[in-house]
Amino acid sequence: MNTNRPHTTVILAMSADGKISDELRSPARFSSQQDQQHLEQQVAIMDGVLFGAGTLNAYGTTIRITNPELLETRKQQGKPLQPAQIVVSGSGKINPHCRFFQQPVPHWLLTTTQGEEFWKTRTGFEKVIIADHNYNQIDWLIAFQKLQELGLNRLGILGGGKLVAALLKQNLIDEIWLTICPLILAGQNSPTPADGEGFLSAVAPRLQLLDVKTVGEEVFLHYQVS
Ligand SMILES: NC(=O)c1ccc[n+]([C@@H]2O[C@H](COP(=O)([O-])OP(=O)(O)OC[C@H]3O[C@@H](n4cnc5c(N)ncnc54)[C@H](OP(=O)(O)O)[C@@H]3O)[C@@H](O)[C@H]2O)c1
């Protein structure tokens, strides 16, 4: 495990044709209960989870740990019952009336100097982390340094495709869990696990398969980014 920055694990469900949502960017509710449990188990081992403003916009809420055994384990480990829920938004423009702010979880914002302006006159986030250069772009090296200083050693990355692409580009992803679900979403505008400009195959990040298991009709793939 890299000790200079938080260890990161992407956790996503996708259709058999590699889409994480449909063309309307609807909330991805196509995976099974087993996949929801798998997601909750992963979230339960994290100090914090990061997700993009687009993902919050789609769902309006975040995943909160409710399983009593998982909560008990966190308690015994001396961890806060819920990991920090960190919304990534360069613009900072998150709907302050979103249901997320009513959920009993730590609400954090990772943003820029520009994004912080919006929240100076609003409430909702208990912590606003500014990590930028040029006023309006997130500097990921500064961001990860600040997150580590705040005691976050394990981070779950819950999507969407834009956030994952940005982190992959910076070589900041260590592991990926992908659940392949039995449906086809298609659509050229439907998001995928990593969007953005993409990589040329010669320099594309390479993955090592750590584990594969089939539960019901879904396949759970666990990769390490080499
Ligand atoms: N199947 C699944 O497991 C799963 C999981 C999560 C999400 N999803 C789906 O994915 C879709 C959302 O994904 P998405 O790719 O559209 O959006 P996203 O990655 O969730 O969020 C994009 C937004 O996050 C902020 N952001 C991301 N990277 C940034 C960076 N490097 N610097 C500054 N800001 C950054 C920006 O917010 P600002 O514009 O505010 O600056 C950007 O517009 C939804 O349809 C959702 O249902 C599926």
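What counts and what doesn't
- Residues numbered from 1 in each chain as written.
- Predicted model: local features only at pLDDT ≥ 70, side-chain atom pairs only at ≥ 80, totals over all residues.
- Heavy atoms only, no water.
- Near = heavy atom within 4 Å.
- Polar contact = N/O pair within 3.5 Å; in protein donor to acceptor, adjacent residues only side chain to side chain.
- Helix = DSSP H or I, 4+ residues; strand = E, 2+ residues; numbered from the N terminus.
- Nonpolar A, V, L, I, M, F, W, Y, C, P; charged D, E, K, R; others polar.
- Buried < 20%, exposed > 50% of the residue type's maximum accessible area, 1.4 Å probe, protein only.
- Lys, Arg positive; Asp, Glu negative; His and termini not counted.
- Salt bridge = Lys/Arg side-chain N within 4 Å of Asp/Glu carboxyl O.
- Contact = heavy atoms within 4.5 Å.
- 1 Å grid on protein atoms, 1.4 Å probe; cavity = no way out; pocket = protein on both sides within 12 Å on 5 of 7 lines; lining within 4 Å.
- Points joined across faces, edges and corners; volume = space filled by probe spheres on them.
- Pairing = 2+ DSSP bridges.

What follows concerns the site of the ligand. By nearness alone, 29 residues border the ligand, and Ala13, Arg25, Ser26, Thr55 and Ser89 come closest of all. At 2.7 Å, a backbone N or O of Ala13 approaches a nitrogen atom of the ligand. Between Gly54 and the ligand, the recorded distance is 3.0 Å, taken from a backbone N or O atom to an oxygen atom. Taken together, the elements giving at least two residues each to the shell around the ligand come down to β1 (7–15), α2 (53–59) and α6 (161–169). Top contributing element to the shell around the ligand by residue count: α2, with five residues. Here the residues of the shell around the ligand sort into 16 nonpolar, eleven polar and two charged.

What follows deals with the side chain of Asp35. Take Asp35: it is sitting in helix α1 (residues 33–44). Lacking a salt bridge, the buried Asp35 has Lys213 as its closest oppositely charged neighbour, with an N-O distance of 9.0 Å. When near neighbours in sequence (up to four residues on either side) are disregarded, Asp35 contacts Ala13, Thr179, Glu218 and Phe220.

The next point concerns the layout of surface pockets. Reported here for the largest pocket is a volume of approximately 1,100 Å³. As for the largest pocket, its lining consists of 45 residues, of which Thr55, Tyr59, Leu158, Gly159 and Gly160 are closest to the centre. Looking at the lining of the largest pocket, the elements with two or more residues in it are β1, α1, β2 (48–52), α2, β7 (137–138) and α6. Top contributing element to the lining of the largest pocket by residue count: α2, with seven residues. What the second largest pocket holds in volume is close to 250 Å³.

Moving on: the pairing of strand β3 (residues 84–88). Taking burial as the measure, the five residues of β3 include five buried ones, the bulk of the element. Here β3 shows no split at all, with Ala84, Ile86 and Val88 on one side and Gln85 and Val87 on the other all buried. Relative to β3, β2 runs parallel, the two sharing five bridges. In the strand pairing of β3, Gly52 is matched with Val88. In this structure, β3 lies alongside strand β4 (residues 107–111), joined through four bridges in parallel fashion. Across the sheet, Ile86 pairs through a bridge with Trp108, a residue of β4.

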